[in-house]
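What the coordinates show
One letter stands for each residue in the lines below.
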Amino acid sequence: MAEYKTKEILKEYERSREQAQKDYKERIDYINKSIPEIKEIDNKIRTLGLEMTKLVLDDTKDSNYIDLEIDRIKAEIEALKQQKAFILTENNFPLSFLKIHYQCDKCSDTGFLTTGKKCTCFKQKIIDSAYGISNLKDILRKENFSKFDINIFSDKEYEGEESSPKENMQKILATCEDFVENFNEDNGDNLLLFGPTGLGKTFLCNSMAKALLDKGYLVVYQTAFKIIDILANYKFHDRTSNSEEAYNLLFQSDLLIIDDLGTELNNTFANIEIFNILNNRLINGKKTIISTNLTPLQLKDIYSDRVTSRLFGNYKQQKFFGPDLRWERQRG
Ligand SMILES: [Zn+2]
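Reading the values: rules and limits
Residues numbered from 1 in each chain as written. Predicted model: local features only at pLDDT ≥ 70, side-chain atom pairs only at ≥ 80, totals over all residues. Heavy atoms only, no water. Helix = DSSP H or I, 4+ residues; strand = E, 2+ residues; numbered from the N terminus. Buried < 20%, exposed > 50% of the residue type's maximum accessible area, 1.4 Å probe, protein only. Areas by Shrake-Rupley, 256 points an atom, 1.4 Å probe, with all protein chains shown as cover. Lys, Arg positive; Asp, Glu negative; His and termini not counted. Charge placed at Lys NZ, Arg CZ, Asp CG, Glu CD. Pairing = 2+ DSSP bridges. Domains from an automatic or database assignment. Axes fitted to C-alpha atoms, helices over the stretch in contact; angles between N-to-C directions. Parallel < 35°, antiparallel > 145°, perpendicular 65-115°, else oblique. Contact = heavy atoms within 4.5 Å. Nonpolar A, V, L, I, M, F, W, Y, C, P; charged D, E, K, R; others polar. Donors = N, O, S within 2.8 Å, 3.2 Å for Na, K, Ca; no water. Tetrahedral: all angles 85-135°; square planar, octahedral: opposite > 155°, others 65-115°. Phe/Tyr/Trp six-rings, centres within 6.5 Å; stacked < 30°, edge-to-face > 60°. Lys NZ or Arg CZ within 6 Å of the ring centre and 35° of its normal. Expected span 1.5 Å × (residues − 1). Polar contact = N/O pair within 3.5 Å; in protein donor to acceptor, adjacent residues only side chain to side chain. Salt bridge = Lys/Arg side-chain N within 4 Å of Asp/Glu carboxyl O. Left-handed = near helix turned anticlockwise from the far one by under 90°.

Within the protein chain one finds 13 helices and 5 strands. With respect to the principal axes defined by its C-alpha atoms, the protein chain has extents near 85 × 50 × 35 Å. Here the protein chain holds 332 residues, and the buried ones make up 42% of them. When the accessible area of the protein chain is evaluated, it comes to approximately 18,900 Å², of which 50% is carbon and sulfur surface. Charged side chains of the protein chain number 48 positive and 53 negative; the gap between the two group centres comes to 3 Å.

For the rest of this paragraph, the subject is the pairing of strand β4 (residues 287-292). With 6 of its 6 residues buried, β4 lies for the most part within the structure. Alternating positions in β4 separate into two faces, K287, I289 and S291 on one and T288, I290 and T292 on the other, with burial throughout. In this sheet, β4 lies alongside strand β1 (residues 191-194) in parallel orientation, the contact comprising 4 bridges. Bridging across to β4, L193 finds its partner in S291.

In terms of domains, the protein chain is made up of domain 1 (2-98) and domain 2 (120-331). Centre-to-centre, using C-alpha coordinates, domain 1 lies 46 Å away from domain 2.

Time to look at the packing of helix α8 (residues 224-237) against helix α10 (residues 268-283). The description of two packed helices rests on the angle between their axes and on the distance between the axes. Closest axis-to-axis distance for the α8/α10 pair is 11 Å, and the angle between their directions is 100°. In terms of their interaxial angle, α8 and α10 are classed as roughly perpendicular. Listed contacts from α10 to I227, I228, L231, A232, K235 and F236 of α8 are F269, A270, E273, I274 and I277. In terms of residue class, the contact of α8 with α10 is built from 9 nonpolar, no polar and 2 charged.

The next subject is the coordination of the zinc ion. Around the zinc ion, the donor atoms from the protein are C104 (SG), C107 (SG), C119 (SG) and C121 (SG), and they sit 2.3 Å away. Taken together, the 4 donor atoms coordinating the zinc ion span angles of 102 to 115° at the metal, a pattern that classifies the geometry as tetrahedral. In the primary sequence, the donor residues of the zinc ion line up as C-x2-C-x11-C-x1-C. In this pair, C104 sits in the loop between α3 (63-90) and α4 (120-130) while C121 sits in helix α4, placing the two residues 17 residues apart along the sequence.

The subject of this paragraph is the sheet that holds β4. Sheet architecture is open: 5 strands sit in the order β2-β3-β4-β1-β5, paired in parallel fashion. A strand with exactly one partner marks an edge of an open sheet, and here the two such strands are β2 (219-223) and β5 (316-319). Across the sheet, the axes of successive neighbouring strands diverge by a mean angle of 10°, strand direction being ignored. Bridging between β2 and strand β3 (residues 255-259) involves 5 bridges; their strand directions are parallel. By the bridge assignment, Q222 is partnered in β3 with I258.

Applying the stated rule across the entire model yields 12 aromatic pairs. The structure contains a cluster of three or more aromatic residues connected by ring pairs, namely Y13, F112 and F122. Over the aromatic face of F97 sits the side chain of R27, whose NZ or CZ is 5.9 Å from the ring centroid. Against the face of F179 rests K287, its NZ or CZ located 5.9 Å from the ring centre.

Taking 1.5 Å per residue as the helical rise, α3 with its 28 residues ought to reach 40 Å, and the 40 Å between its terminal C-alpha atoms agrees with that figure. For α3, the full list of buried residues reads I66, E69, I70, I73, I77, L80, K84, I87 and L88. With a side-chain oxygen lying 3.3 Å from the backbone nitrogen of N64, the N-terminal cap of α3 falls on D62. Trailing α3 by a residue or two, N92 shows a phi angle of about 65°, which is positive.

Further remarks concern the pattern of salt bridges. On inspection of all chains with the given rule, the structure shows 10 salt bridges. Between E69 and R72 there is a salt bridge, and its shortest N-O distance comes to 2.9 Å. Taken together, the positions of E69 and R72, both in helix α3 and 3 residues apart, correspond to about one turn of that helix. Note on E69: relative accessible area 18%, which makes it buried. According to the relative accessible area criterion, R72 is partly exposed, its value standing at 36%. What you see here is one network of salt bridges that share partners, running through E51, E69, R72 and E76.

Running from N to C, helix α6 (residues 165-181) and helix α7 (residues 201-214) point in directions that differ by 20°, and their axes come no closer than 10 Å. Taken together, α6 and α7 sit at an angle that is classed as roughly parallel. In the crossing of α6 with α7, the sense of the turn from one axis to the other is right-handed. On α7, the residues that touch M169, I172, L173, C176, F179 and V180 of α6 are L204, M208, A211 and L212. Taken together, the residues that form the contact of α6 with α7 break down as 10 nonpolar, no polar and no charged.

If you want it as structure tokens, here you go:
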């Protein structure tokens, strides 16, 4: 099963490379048809390139002469490239029009970096496939901070609270944006979002995940229930390499978002494993966001002191309150 997944992922890369090359060829054909000068310039560049190769291989000529000639040819090629760029923009084509457009610029849709290591996009695909998600980035496509409408929150005082739900959300929103903005800093930022459903916790988690995925970070975003499932599966059933990788990424991903903490099976195994993940990530300076419908008091009931002291001591607590906006439910 796991091997099958890797094969599938590699096939997916092959398809996207083929598509990128096909699109690229079509753009070239289109340009050659609409601007014949471009084709002429390309031919000239190719001829000069051949000339340069011949010179390098020619051992009958003086090396000073060869160096000078090579410099001359290089300058000529550079001038032709500039001319080409000029013609393109003059005809309203962006310069990127004649480049191959891969989905991932870092690995050119091969899944591997030049160092031989797996690219972030490959790891993200392994995460997504391990959790049965087709493409996290696609799912989160529509979620971002700019779509967050602060005005749906009431600006009237809320019983038992010192500020209105709106003022409260403004603070939380700022904290979340700050989290993304300074993600790269070693500032020990971790977030605990708690409060009833329907108040925007999921939307904010999605927005943060989306923003950081877009920046190329590796994000694991799962419910506590599914995370415990992955852990149990790895420890008791499936010790294949992909299962191991999915397990390791709970610890190594740049960001882990645990959704719905408290809804997983509550037993010693879960308790120990959750502690293990949170603790490991804290020690290694890896950031974590936790969202839960439970109050801190309820969390204390479920988890050992070891877990809750980690949570309350190292996480910025964001309390959501206000009338249910039925927001998350509406959005499905
Ligand atoms: Zn990549």
